[in-house]
Amino acid sequence: MSIALREENFVVINVGSKFTTAGIGMHDTNKPPSVIVNMDDFNNPIKNNEITNWKDLEDCWHHILFKELGIKKSRNESPVLIAVPVQWTKLDHERITQIFFENFNVPGVYIAPQPLLTLFGCGTVSGIVVDIGSQTTDVNIVVDSNMQLQSTFSIPIGGDIFDAYFLQLLKKDTKLVSQIDNLTDVSLDIDFARYVRELPGICNVSIGHELADNMAAAELLNAMEESEIVDEILDEEQNPKKIEDEEVGELPETVDIEYKGHTFTIGPYRHDVLDPLFSPELLDIDSPSLPEAMRLSAMNCEPPEIRPKLWENIAITGGCCNTFGLARRIKTEVQLFLPHSENAGDTQPRQLSFLRIADYFTVLKDKKYQQYSTWLGAEIVAKLVFIDAKNYISKVDYNESGPSVVHTKAY
């Protein structure tokens, strides 16, 4: 017989290659995670969506449960929902289940795929999920709460690549290089590039500059401008903040930033940082661009009639999801290959829309918290599954069936 679990003891862990977030107590879901762990502190046990060191990953989870959240191992009354990448295998799920029951003494476990939780956090059950991580960018399709694993695409470009590319751009700025060469306490290295890139409002996403010689693109941009009134009406009806969020106004040619007590001037190339995501050939990376990966994912989705609707529910998550201009750049390039006609049919997307956390989450609706849409979805699911032992893997289930029981109670 399973014990009755209390909402204030529910735990959510959202694993990541760069940061892992966690929290306890799901009575109030309108809050960011209380624990954010830098995976550098645990030797980065997850690389390219694969677990490379189970011991370090277990140490991370142990630290979260018993140090950060203060759970008592001997009398553990906290069930755990673990949000994981879709690339993790059935054997990975079994080992996770074994670790949490045998080593952490949890009363219950539930494992859920991150893209599905992202959509739940945005208030829908079908759509395209773009997760821009530190090492990869993943595109996933969800239809009626079911993962379409055949539609999953992973691009080997993420935050680390952006930092390396930005460093190349910085080193071409002769004035900046000369200034830093005269300093003893500052180096023009990857740490400097990452610091500048992560400053809010500094590195936006350019639109159109990389397509200046493409006549088809120029025509498309003109068409987009003509139809923008319709788009704004539709967007404002669905989410009044959407257009406002993408408006950055006139951007200065250069911007001054402070770093280690010094002031540096960064040029307009700062807006090209995310270009490798749209043009992988810039870094000789053999991979489809993000818009192409999204197209391929949608084309592999079943049933075919759902494909046009997917473009109306695009969720962007990950550390770079709040970069100004990103959604508009995606929209501009995606429309290059989508079918266009004055008479929209069933095979033609009526509009491209990007999801946000709903306004009734008065704290998390702020754009700076959009990266926590997966976390929010995990909180919501935890509140639903842990109230009934039929929904999650209990200690009784595990003792009877062993780790393989995880395949009987999971999304």
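Analysis parameters
- Residues numbered from 1 in each chain as written.
- Predicted model: local features only at pLDDT ≥ 70, side-chain atom pairs only at ≥ 80, totals over all residues.
- Heavy atoms only, no water.
- Helix = DSSP H or I, 4+ residues; strand = E, 2+ residues; numbered from the N terminus.
- Expected span 1.5 Å × (residues − 1).
- Buried < 20%, exposed > 50% of the residue type's maximum accessible area, 1.4 Å probe, protein only.
- Contact = heavy atoms within 4.5 Å.
- Pairing = 2+ DSSP bridges.
- Axes fitted to C-alpha atoms, helices over the stretch in contact; angles between N-to-C directions.
- Parallel < 35°, antiparallel > 145°, perpendicular 65-115°, else oblique.
- Nonpolar A, V, L, I, M, F, W, Y, C, P; charged D, E, K, R; others polar.

Undergrad: Just to check I follow, could you spell out helix α14 (residues 373–385) for this structure?
TA: One turn of an α-helix holds 3.6 residues; hence residues three or four places apart share an orientation. Spanning 13 residues, α14 covers 18 Å between terminal C-alpha atoms, matching the ideal 18 Å at 1.5 Å per step. Buried residues dominate α14, accounting for 10 of its 13 residues. Every buried residue of α14 is accounted for by Ser373, Thr374, Trp375, Leu376, Gly377, Ala378, Glu379, Val381, Ala382 and Val385. On its buried face, α14 is in contact with β1 (11–14), β2 (19–24), β6 (80–84), β7 (108–113), α3 (114–121) and β14 (314–318).

Undergrad: Just to check I follow, could you spell out the sheet that holds β6 for this structure?
TA: The strands making up a sheet associate through backbone hydrogen bonding, with each pair oriented either parallel or antiparallel. An order of β3-β2-β1-β6-β7-β15 is seen for the 6 strands of this open sheet, with the pairing classed as mixed. Two strands in the sheet have a free side with no partner beyond their single neighbour: β3 (35–38) and β15 (393–394). One ladder, built from 5 bridges, connects β6 with β7; its direction is parallel. Note that in β7 the partner of Val80 across the bridge is Val109. On the sheet, α3 packs against β1, β6 and β7 and is oriented at approximately 85° with respect to β7.

Undergrad: Got a minute to help me understand the environment of Lys175 in this structure?
TA: Topologically, Lys175 is positioned in helix α5 (residues 174–181). When its relative accessible area of 68% is taken as the criterion, Lys175 is described as exposed. Once the C-alpha coordinates of Lys175 and Ile266 are considered, the two residues, 91 residues apart in sequence, prove to be 9.7 Å apart.

Undergrad: What is the right way to look at the packing of helix α4 (residues 159–171) against helix α6 (residues 190–198) in this model?
TA: Helix-helix packing: each pair is described by the crossing angle between the helix axes and the interaxial distance. Look at α4 against α6: their axes get within 8 Å of each other, and the N-to-C directions meet at 105°. Judged by the angle between their axes, α4 and α6 are roughly perpendicular. Seen from α4, the contacting residues are Gly159, Phe162, Asp163, Ala164, Phe166, Leu167 and Leu170; seen from α6, they are Ile190, Phe192, Ala193, Arg194, Val196 and Arg197. Across the contact of α4 with α6, the residue classes break down as 9 nonpolar, 1 polar and 3 charged.

That's the geometry; what it means functionally is another story.
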